[in-house]
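Each chain, letter by letter, is given below.
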Amino acid sequence: MNTMPTVRVKQAELARRTIRRSDFVSCDQAFIDCRTPGSDRKENYAMIGPGVSQSPGQVINLREPHGFNVGAAAMPNGVTNSMHLHFTAEVFLCFRGEFLVRWGTDGVDGELVMREGDIASIPTWVFRGFTNVGSDDGWLFTTLGEDDTGGIIWAPSVLKEAEKHGLYLTAAGELVDTVAGDPLPDESQLVRPITAEQIAALRTYSAEEMRKRVATPDDLVWSDAPFLDSRLPGGGARLAAVVGYGITEDRFQEPLIGNPHGHSIAWLRALPGQGVSRHRHGRSQVLIVKDGEWEVTLNGPGEELSVRLGPWDMLSIPEGAWRAVRNAGDAEASMVVVTGGEGRVRLEWDEEVVRQAADAGVALDHGGYLAPAALVPRR
């Protein structure tokens, strides 16, 4: 018996949760390296969740807790995001251009190049940084695990260089700008650089180990039948699981990156008119359009609200809300689906979808996976 509360999304709430590409607002004072030569032309974005910005002026489109954060970084060719580490999972999603990602305290432990369509999960407690080595309009979306990410630890060289430009960081993670007139706190209130002994105790990663945490378009394993409605009109979307098992109902599908992140990430692809029929689940979810035009319809029969999403637009769908997605364009389209939670997410389908699937010979077994309807005992 279903016990999930019914969530009806109103028009104002749909508008609040729809974040257009034109709504993104950059902050060039988000981090302590904002005046460091070579890092001073970064654009930092925070779309969903509090993120890790150290600037009180950072615009956040939607602060609603999701169990994860969504942001982005953009920068001209040659500009670098300085070496730092996170306490929770950080995932880079390259939507345009090429980025050279380095890791290790001074960025010398290894490096890899991310290109459009690549997704890379950088382990926690590993210093990382990246440089735009491609076009000036390169773009990385990022996801961070948990609502409270704990902030950032900067490499000692980054803190030292920032001091030359009047920037300091308090132990509470607040940026102090003495050039702008901020008083310099007592030294006991400033963040202490990580020591050489503490750095030596951190785990190192080889290039081969890090490569296993990168999903290029060629690495993706697509399921042609990931959902109950895969053979039904209005269904037909394909799914590639990247981080975590997430929403797949294909019992043979495995993610490319399996360690806990606090959220799952998958590519969803559909031909014109295809998509995913009406369903819901109890986790937060964000859809980020890569290309094409998508229509997302929320709520149950008679109460539907729809919104069209174009490239790089995103939509936050609340827990328990009915939703259906459809490729509304005239060519194959793709999006990234970010879903909260560590493990699998069990979907609840509209009764009509369940009926039509049963007529087509497909049902969900008691593990929540696709199976022959004739072999699944009726509840």
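Residues numbered from 1 in each chain as written. Predicted model: local features only at pLDDT ≥ 70, side-chain atom pairs only at ≥ 80, totals over all residues. Heavy atoms only, no water.

S.K.: It is not clear to me how the pairing of strand β24 (residues 323–327) should be interpreted in this structure. Could you clarify?
M.R.: Remark: a regular strand shows side chains that alternate across the two faces of the sheet. With four of five residues buried, β24 is to be regarded as a mostly interior element. Across three bridges, the pairing between strand β19 (residues 275–280) and β24 is antiparallel. Across the sheet, residue H279 finds its bridge partner in β24, namely R323. One ladder, built from five bridges, connects strand β21 (residues 294–298) with β24; its direction is antiparallel. Bridged to V296 within β24 is V325. (Buried < 20%, exposed > 50% of the residue type's maximum accessible area, 1.4 Å probe, protein only. Helix = DSSP H or I, 4+ residues; strand = E, 2+ residues; numbered from the N terminus. Pairing = 2+ DSSP bridges.)

S.K.: Would you mind going over a negative patch on the surface with me for this structure?
M.R.: A cluster of acidic side chains, namely E146, D147, D148 and E342, defines a negative patch on the protein surface. When you line up the elements, D148 lands in the loop between β11 (138–145) and β12 (152–154). (Patch = residues over 30% accessible without salt bridge, like charges linked within 9 Å, V, L, I, M, F, W, Y side chains within 5 Å. Areas by Shrake-Rupley, 256 points an atom, 1.4 Å probe, with all protein chains shown as cover. Salt bridge = Lys/Arg side-chain N within 4 Å of Asp/Glu carboxyl O. Lys, Arg positive; Asp, Glu negative; His and termini not counted. Charge placed at Lys NZ, Arg CZ, Asp CG, Glu CD.)

S.K.: Sorry, what's going on with the sheet that holds strand β7 (residues 98–103) here?
M.R.: Strand-to-strand pairing in sheets goes through backbone hydrogen bonds, with the strands running parallel or antiparallel. Strand order in this open sheet of five strands is β8-β7-β10-β5-β12, and the pairing throughout is antiparallel. Every interior strand has two partners, whereas the edge strands, β8 (110–115) and β12, have only one. Across the sheet, the axes of successive neighbouring strands diverge by a mean angle of 30 degrees, strand direction being ignored. Direction of pairing for β7 relative to strand β10 (residues 128–132): antiparallel, over a ladder of five bridges. (Axes fitted to C-alpha atoms, helices over the stretch in contact; angles between N-to-C directions.)

S.K.: What is the right way to look at the packing of aromatic side chains in this model?
M.R.: According to the stated counting rule, one finds 14 aromatic pairs in the structure shown. Ring geometry for F99 versus F130: centroids 6.1 Å apart, planes at 80 degrees, classification edge-to-face. Placement of F99 in strand β7 and of F130 in strand β10 is noted, with a sequence separation of 31 residues between them. Using a relative accessible area of 2% as the deciding quantity, one classes F130 as buried. Taken together, the ring pairs connect F24, Y45, F95, W139, F141, W267 and W312 into an aromatic cluster. Sitting above the plane of the Y205 ring, R203 keeps its charged end 4.1 Å from the centroid. In this arrangement the basic side chain of R344 is found over the ring face of Y369, its NZ or CZ atom lying 3.8 Å from the centre. (Phe/Tyr/Trp six-rings, centres within 6.5 Å; stacked < 30°, edge-to-face > 60°. Lys NZ or Arg CZ within 6 Å of the ring centre and 35° of its normal.)

S.K.: How should the environment of V59 be read in this particular structure?
M.R.: Looking at the secondary structure, you find V59 in the loop between β2 (43–48) and β3 (60–62). Taking C-alpha positions, V59 is 7.4 Å from C27, a pair spaced 32 residues apart along the chain. If near-sequence neighbours (up to four positions away) are discounted, V59 is found in contact with V25 and A46. (Contact = heavy atoms within 4.5 Å.)

S.K.: Whenever I open this one, empty space enclosed by the protein confuses me. Can you help?
M.R.: Any empty space left between atoms is shown by rolling a water-sized probe over those atoms. Considering all chains together, one arrives at four cavities of 30 Å³ or more under this definition. Estimated volume of the largest cavity: approximately 300 Å³. F31, Y45, V52, T142 and L144 are, among the 26 residues lining the largest cavity, the residues nearest its centre. Mapped onto the lining of the largest cavity, the elements with two or more residues apiece are β2, β4 (68–75), β5 (80–86), β11 and β12. In the lining of the largest cavity, the residues fall into 14 nonpolar, eleven polar and one charged. (1 Å grid on protein atoms, 1.4 Å probe; cavity = no way out; pocket = protein on both sides within 12 Å on 5 of 7 lines; lining within 4 Å. Points joined across faces, edges and corners; volume = space filled by probe spheres on them. Nonpolar A, V, L, I, M, F, W, Y, C, P; charged D, E, K, R; others polar.)

S.K.: Just checking my understanding: could you explain the nonpolar core for this structure?
M.R.: A general feature of soluble globular proteins is that nonpolar side chains tend to end up buried together. By size, the foremost hydrophobic cluster in this structure holds 33 residues, and its most contacted members are F227, L268, W294 and V296. Only β18 (263–270), β20 (285–291), β21, β22 (305–309), β23 (314–317), β25 (333–340) and α5 (351–359) provide two or more residues apiece to this core. If near-sequence neighbours (up to four positions away) are discounted, F227 is found in contact with L239, I247, E249, L268, V276, L347, W349 and L370. Judged by nonpolar contacts, the second largest core, of 31 residues, contains I119, F141, I257 and V336. (Core = buried A, V, L, I, M, F, W, Y, C linked by side-chain atoms within 4.5 Å.)

S.K.: What's the story with the pairing of β11 in this structure? I'm lost.
M.R.: Burial analysis of β11 places eight of its eight residues in the buried class, the great majority of the element. Along β11, one buried face is formed by G138, L140, T142 and L144 and the opposite face, lined by W139, F141, T143 and G145, is buried too. Relative to β11, β4 is paired through eight bridges, and the arrangement is antiparallel. What sits directly across from A74, in β11, is W139. Judged from the six bridges that link them, strand β6 (residues 90–96) and β11 form a sheet pairing that is antiparallel. The residue of β11 that forms the bridge with V91 is T143.

S.K.: Hey, could you run me through the pattern of salt bridges in this one?
M.R.: Proximity of charged atoms lets side chains of opposite charge pair with each other. Tallied over the entire structure, the rule returns 24 salt bridges. K290 is paired through a salt bridge with E116; the nearest N and O atoms lie 2.7 Å apart. Of the two residues, K290 sits in strand β20 while E116 sits in the loop between β8 and β9 (119–122), which places them 174 residues apart along the sequence. Look at E116 and you get partly exposed, because its relative accessible area is 43%. Residues participating in the shared-partner salt-bridge network are E13, R16, R17 and E64.

S.K.: Any chance you could explain unusual backbone geometry here in plain terms?
M.R.: Most peptide bonds adopt trans geometry, and most residues besides glycine take a negative phi value. We note that E146 has phi near 75 degrees; this positive angle belongs to a residue other than glycine. Accessibility expressed as a relative area gives 37% for E146, which makes it partly exposed. At N299, a position not held by glycine, the phi torsion is positive, near 80 degrees. With respect to the helices and strands, the residue N299 is situated in the loop between β21 and β22.

S.K.: What is the right way to read α5 from this model?
M.R.: Given 3.6 residues to a turn, an α-helix orients residues that are three or four positions apart in the same direction. Capping the start of α5 is the job of one residue whose side-chain oxygen sits 2.9 Å from the backbone nitrogen of E352: D350. Once α5 ends, the next one or two residues include G361, with phi positive near 90 degrees. (Polar contact = N/O pair within 3.5 Å; in protein donor to acceptor, adjacent residues only side chain to side chain.)

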